[in-house]
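Survey of secondary and tertiary structure
Residues per chain, in single letters:
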Amino acid sequence: MKDMMTIFRREFASYFATPLAYVFLVIFLVMQGLFTFYVGQFYEREQADLVSFFAYHPWLYLFLVPAIGMRLWAEERKSGTLELLLTLPVNTGAVIAGKYLAAFAFTGLALAMTLPIWITVNWLGDPDNGVIVTGYLGSLLMAGAYLAIAAAMSALTKNQVVAFILAVSVCFLFMVSGLPMVLDTAGGLLPGPLVGMVADLSFLAHFENLQKGVVGLSDVVYFLTVIALWLGINRVIVESKREAG
């Protein structure tokens, strides 16, 4: 735990060592505002809810979260500090967890900075705050899943751009797997049970349930399983590089 917290503090502080963190937060908030108030027609809908706020999170995260995660390992490899880090008497799992939690905390900070929108909705009307809370929970879990994928992709290469492209590609597949177009195509190639499994992989379907205020255990377990799976893949990649020297 002590090693993990040391890595966590080091990683989290590194986000603010350059202007990039502030640039990211500004871009996130501006994009969030544009999607909510203009694309989502927040005022025109005349409804006190955050449907237009959460509706675009999967697409917004598709590019912004991999941008956070792409540096986690790729930067260490490029600067040559990964070899030094792996020679330290620190458990690999603690390093992976510390790095991931730091990136997750930064993502959570970005999401927390949107709370004024929630306050605005309460000022304008009488929203169902329980639904909004579950929406935030689903958004945070989905961001965590995106981030776990991005971390694993970052461990594959020392090029951050390549890591970003790989992460966006894999996240995109998880996003669209439940769309009718994909399922129709899969239906022509795969048996019914496998098509159902493809549909169950969709981030959109599981996030939609939470966004509507339906806190299903299966949806929470799904996102936690995706996070654990990709962090496990992350560990396998890092340990293979440690053994390779």
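Bear in mind that the values here come from a model prediction, so they are computed numbers and not experimental data.

**A closer look at the packing of helix α9 (residues 115-124) against helix α10 (residues 129-156)**
At a closest axis distance of 12 Å, the pairing of α9 and α10 adopts a crossing angle of 165°. By the angle between their directions, the pair α9 and α10 is classed as roughly antiparallel. Crossing handedness for the pair α9 and α10: right-handed. Residue-level inspection shows L115, W118 and N122 of α9 in contact with α10, the latter providing N129, I132, V133 and Y136. Taken together, the residues of the contact of α9 with α10 break down into five nonpolar, two polar and no charged.

**Some thoughts on the UniProt feature "transmembrane region" (unreviewed entry) in the protein**
Those residues carrying the UniProt feature "transmembrane region" (unreviewed entry) are residues 12-35, 55-74, 95-119, 131-149, 161-183 and 214-233 in this numbering. Taken end to end, residues 55-74 comprises 85% helix and 0% strand; its first and last C-alpha atoms sit 31 Å apart. Helix makes up 100% of residues 131-149 and strand 0%, and the two end C-alpha atoms of the span are 27 Å apart.

**Structural notes on the nonpolar core**
With 69 residues, the main nonpolar core has L50, Y146, F203, F223 and W230 as its most contacted residues. The element best represented in this core is α10, accounting for 15 residues. Setting aside residues up to four positions removed in sequence, F223 forms contacts with L141, M142, A145, F203, H206, F207 and L210.

**What to know about the pattern of salt bridges**
Within the structure shown, the criterion is met by five salt bridges. One salt bridge in this structure joins E11 and K99, with 2.8 Å as the shortest N-O distance. You can see E11 sitting in helix α1 (residues 2-15) and its partner K99 sitting in helix α8 (residues 92-112), a full 88 residues away along the chain. For K99, a relative accessible area of 1% corresponds to the buried category. Of the charged contacts in the structure, one is a salt bridge between E239 and R235, with a shortest N-O distance of 3.0 Å. With E239 and R235 both in helix α15 (residues 217-244) and four residues apart, this pair spans about one turn of that helix. A relative accessible area of 33% places R235 in the partly exposed class. Salt bridges here are not isolated pairs; linked through shared partners, they connect R10, E11, R71 and K99.

**Comments concerning a nonpolar patch on the surface**
A cluster of nonpolar side chains, namely V23, V26, I27, V30, M31, L34, Y38 and V39, defines an oily patch on the protein surface of about 720 Å² accessible area. Assessed through its relative accessible area of 63%, Y38 is described here as exposed.

**Structural notes on the side chain of S154**
Within the element layout of this structure, S154 appears in helix α10. In this structure the side chain of S154 is engaged in a polar contact, spanning 2.9 Å, whose partner is the backbone nitrogen of W73.

**A word on the confidence of the model for the protein**
Per-residue confidence for the protein gives a mean pLDDT of 85, with 99% of residues at or over 70. For the protein, helix α7 (residues 81-87) is the element with the lowest average pLDDT, namely 72, and α10 is the one with the highest, namely 92.

**Re the side chain of N234**
Looking at where N234 falls in the secondary structure, it is placed in helix α15. N234 gets classed as buried once you look at its relative accessible area, which sits at 1%. Among the polar contacts made by the side chain of N234, one reaches the side chain of W73 at a distance of 3.2 Å. Those residues in contact with N234 that sit more than four places away from it in its chain are W73, I96, A151, A152 and A155.

**Quick look at helix α6 (residues 71-79)**
Think of an α-helix as turning once every 3.6 residues; residues three or four places apart then point the same way. Buried within α6 we find R71, L72, W73, A74 and E76. Of the residues flanking the end of α6, it is G80, one or two places downstream, whose phi is positive at about 85°.

**Considerations on helix α5 (residues 57-69)**
With 13 residues, α5 should reach 18 Å at 1.5 Å per residue; the first-to-last C-alpha distance of 17 Å fits that figure. The principal kink in α5, of about 30°, is found at F63, preceding the proline P66 by one to four residues. Of all 13 residues making up α5, ten are buried, and the element is well covered by its neighbours.

So, how was this worked out
- Residues numbered from 1 in each chain as written.
- Predicted model: local features only at pLDDT ≥ 70, side-chain atom pairs only at ≥ 80, totals over all residues.
- Heavy atoms only, no water.
- Axes fitted to C-alpha atoms, helices over the stretch in contact; angles between N-to-C directions.
- Helix = DSSP H or I, 4+ residues; strand = E, 2+ residues; numbered from the N terminus.
- Parallel < 35°, antiparallel > 145°, perpendicular 65-115°, else oblique.
- Left-handed = near helix turned anticlockwise from the far one by under 90°.
- Contact = heavy atoms within 4.5 Å.
- Nonpolar A, V, L, I, M, F, W, Y, C, P; charged D, E, K, R; others polar.
- UniProt positions renumbered as here; feature names shortened; annotations may be inferred.
- Core = buried A, V, L, I, M, F, W, Y, C linked by side-chain atoms within 4.5 Å.
- Buried < 20%, exposed > 50% of the residue type's maximum accessible area, 1.4 Å probe, protein only.
- Salt bridge = Lys/Arg side-chain N within 4 Å of Asp/Glu carboxyl O.
- Patch = residues over 30% accessible without salt bridge, like charges linked within 9 Å, V, L, I, M, F, W, Y side chains within 5 Å.
- Areas by Shrake-Rupley, 256 points an atom, 1.4 Å probe, with all protein chains shown as cover.
- Polar contact = N/O pair within 3.5 Å; in protein donor to acceptor, adjacent residues only side chain to side chain.
- pLDDT = per-residue confidence, 0-100.
- Expected span 1.5 Å × (residues − 1).
- Bend = angle between axes of the 7 residues up to and from the residue.

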